[in-house]
Amino acid sequence: RQSDSEIRTVFIPKPPKDERKAFIASIAGAAKGMAVEPGLRKGKNGIDLDTLAHAAQGLSLRQISELFLQAKGVGRPLGLGFVKDKKREMLNNEYGEIMEVIEPDRGLEDIGGHEHIKAYFRGVLDAIRKGETRLVPMGITLMGPPGTGKTAIVEALAKEAGFNFVKTKNIRSMWVGDSEARMEKLVSGLRSLAPVVVMNDEADLAEAGRDSLKGDSGVSERIMKMWMELLSDPRIRGQIIVINCTNRPDRIDPALKRSGRSDERILMPMPSKDERKVIFPVMFRRHQVPTDIKDFTEFAEESEGMSGADIEAITLRSFAFANDIGKAKVDPSALRAAIKDFISSANVAEIDAMTIAGLLECSSRRLLPPHVQDIVDGIRLRGTVNDIDAVLAQLVDRNILSAASAVPTAPVPPNNENN
């Protein structure tokens with residue numbers, strides 16, 4: 001592969017949908033007599049080429065051929081479930097060291113609260129369906145304390161868009177040159193899997209500021225440069241949507257948060273009382289936990305300061321409590337007992353610091369939490385954030401708060417039991 005040799009490296013991308021469809025049509029004749037499940041059947045004996053070509057998105061022609069061979073070999077009907085399972089297995093074997101390929105199974109309707117954020121993502125989905133890539137963001141950064149639904153909303157976007165969904169892994173290696181090679185494989189893999197939604201979880205850990213000490217002989221700078229070049233490529237708009245999820249956006253390099261690489265920076269704070277009231281029934285429905293409770297208002301009040309993930313854990317715990325006393329359904333006493341028994345993993349001071357960091361990084365006033373004033377008032381009164389007056393001044397300067405609403409009041413001494 002030296003410059004003076006006659007050997008050249010040629011990148012052969014994964015086939016687009018029309019090529020996959022043509023290839024499936026060419027081998028479907030050899031698969032006559034193979035049982036096909038209703039989801040992939042067209043007519044009495046035919047295969048729905050469009051549906052199968054879409055389900056095989058991200059696979060090479062050889063891998064598509066293996067789908068038919070494996071289905072025929074095990075005597076299993078060719079169906080969407082089989083295709084998705086084998087596709088996930090094949091792609092994870094191919095890219096498993098750098099990213100995890102996941103089959104999303106929940107949509108936006110399975111998320112409680114965050115109505116303004118879901119409305120924004122519905123607009124993105126509408127633009128994707130219309131092919132209006134100018135309205136699709138190059139990237140998004142979701143910020144906020146743990147357990148507020150960041151992963152769930154990324155998964156929902158991938159599912160409803162019909163895109164592949166991957167989670168990136170740590171691509172650094174102990175071997176010289178291997179980290180750069182893995183990053184190159186990640187970039188080429190994402191291009192091959194497009195259209196794809198990429199979840200870059202804990203982005204503050206992998207993408208720390210360029211001025212921070214690294215001591216790795218420039219490896220971090222080189223792989224960051226390769227990553228930023230991908231995020232800045234206008235050709236990926238509408239094809240590769242990278243969504244960073246972080247608790248500490250202040251620790252991410254500013255170049256990775258700028259518009260064009262992360263068009264929107266959205267805070268997902270701890271849920272309000274009204275949102276918790278909606279989250280409870282969503283969690284009972286998601287896990288199919290039987291209950292006679294119709295109105296969750298009082299439980300929303302009793303779960304002050306708890307995240308959506310906390311409510312999910314409480315829902316499952318309430319079912320265990322009900323079973324312990326021989327009840328088949330969760331009643332108010334079991335749910336109340338689960339709420340009282342639950343101890344959150346994060347303390348109030350940490351949550352407040354993460355929330356303020358997210359507020360200061362927000363990129364859109366229309367995507368600010370509807371209860372932003374209540375959030376700031378609560379943090380100010382709890383007195384958990386150092387130099388709160390300077391923070392309030394920054395929020396006023398960025399027009400996140402009005403000057404009148406930022407007038408400081410005497411803070412309430414922190415409650416050591418809660419902190």
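Going by the structure above, here's the rest.
Model, not experiment: these values are computed from the prediction.

Colleague: Please clarify how the environment of F319 should be interpreted in this entry.
Modeller: Structurally, the position occupied by F319 is in helix α13 (residues 308–324). Overall, F319 belongs to the partly exposed group, its relative accessible area being 30%. Sequence separation between F319 and L80 is 239 residues, and the spatial gap between their C-alpha atoms is 33 Å. Setting aside residues no more than four positions away along its own chain, F319 makes contact with V289, P290, A328 and V330.

Colleague: What is the right way to look at helix α16 (residues 372–382) in this model?
Modeller: At 3.6 residues per turn, the α-helix brings residues three or four places apart onto the same side. By the burial criterion, the buried members of α16 are V372, I375, V376, G378, I379 and R380. Against the buried residues of α16 lie α15 (348–361) and α17 (388–397). Once α16 ends, the next one or two residues include G383, with phi positive near 65°.

Colleague: Help me understand the sheet that holds strand β8 (residues 264–267), please; the structure alone is not making it clear to me.
Modeller: What links the strands of a sheet is backbone hydrogen bonding, and the strands pair in either a parallel or an antiparallel sense. Here we have six strands laid out as an open sheet, ordered β3-β5-β6-β7-β4-β8, and mixed in their pairing. Edge positions in the sheet fall to β3 (99–102) and β8, since each has one partner strand and no second. The average angle at which neighbouring strand axes cross in this sheet is 20°, direction not considered. Of the strand pairs in this sheet, strand β4 (residues 139–143) and β8 are connected by four bridges, and their pairing is parallel.

Colleague: Is there a simple way to explain the packing of α16 against α17 in this structure?
Modeller: To characterise two packed helices, one gives the angle between the axes of the helices and the distance between these axes. One can describe the packing of α16 onto α17 by two numbers: an axis separation of 11 Å at closest approach and a directional angle of 165°. On the basis of their axis angle, the class for α16 and α17 is roughly antiparallel. The chirality of how α16 crosses α17 is left-handed. Of the residues in α17, those in contact with V376, I379 and R380 of α16 are I388, L392 and L395.

Colleague: Where do I start with the packing of aromatic side chains in this structure?
Modeller: Under the defined criterion, the tally for this structure stands at four aromatic pairs. Note on Y120 and F121: the rings are 5.4 Å apart at their centroids and 75° apart in plane angle, and the pair reads as edge-to-face. The two residues Y120 and F121 agree in class, both being buried. For the pair F284 and F296, a centre-to-centre distance of 5.6 Å together with 40° between the ring planes defines the contact as tilted.

Colleague: Got a minute to help me understand helix α1 (residues 17–28) in this structure?
Modeller: Taking 1.5 Å per residue, twelve residues should reach 16 Å; α1 reaches 16 Å between its end C-alpha atoms and fits that length. For α1, every residue scored as buried is listed here: R20, I24, I27 and A28. For α1, the arc enclosing every buried residue in end-on projection is 105°, short of the 170-degree limit, so these residues lie on one face. Among the exposed residues of α1, those pointing more than 90 degrees away from its buried face are D18 and S26. Packed against the buried residues of α1 are β2 (46–47), α2 (49–55) and α3 (61–74).

Colleague: Just checking my understanding: could you explain the layout of surface pockets for this structure?
Modeller: If a probe as big as a water molecule is rolled over the atoms, it shows which places are left empty. Counted as a void, the second largest pocket has a volume near 470 Å³. Along the walls of the second largest pocket sit 25 residues, with G147, G149, K150, T151 and A152 positioned nearest its centre. Elements with a minimum of two residues in the lining of the second largest pocket: α6 (150–161), β6 (196–201), β7 (240–246), α11 (273–286) and α13. By residue number, the principal contributor to the lining of the second largest pocket is α6, which donates four residues. Class assignment for the residues of the lining of the second largest pocket results in nine nonpolar, nine polar and seven charged.

Colleague: Explanation requested: unusual backbone geometry in the structure shown.
Modeller: Trans is the prevailing form of peptide bonds, just as negative phi is the prevailing case for residues other than glycine. With an omega of 5°, the peptide bond running from A194 to P195 counts as cis. Unlike most non-glycine residues, H114 shows phi in positive territory, near 50°. When you line up the elements, H114 lands in the loop between β3 and α5 (115–130). Accessibility expressed as a relative area gives 6% for H114, which makes it buried. Non-glycine residue D387 carries a positive phi angle of around 55°. Within the secondary structure, D387 is located in the loop between α16 and α17. On the basis of relative accessible area, D387 is assigned to the exposed category, the value being 57%.

About the criteria used
- Residues numbered from 1 in each chain as written.
- Predicted model: local features only at pLDDT ≥ 70, side-chain atom pairs only at ≥ 80, totals over all residues.
- Heavy atoms only, no water.
- Helix = DSSP H or I, 4+ residues; strand = E, 2+ residues; numbered from the N terminus.
- Buried < 20%, exposed > 50% of the residue type's maximum accessible area, 1.4 Å probe, protein only.
- Contact = heavy atoms within 4.5 Å.
- Pairing = 2+ DSSP bridges.
- Axes fitted to C-alpha atoms, helices over the stretch in contact; angles between N-to-C directions.
- Parallel < 35°, antiparallel > 145°, perpendicular 65-115°, else oblique.
- Left-handed = near helix turned anticlockwise from the far one by under 90°.
- Phe/Tyr/Trp six-rings, centres within 6.5 Å; stacked < 30°, edge-to-face > 60°.
- Expected span 1.5 Å × (residues − 1).
- Arc of directions from axis to C-beta.
- 1 Å grid on protein atoms, 1.4 Å probe; cavity = no way out; pocket = protein on both sides within 12 Å on 5 of 7 lines; lining within 4 Å.
- Points joined across faces, edges and corners; volume = space filled by probe spheres on them.
- Nonpolar A, V, L, I, M, F, W, Y, C, P; charged D, E, K, R; others polar.

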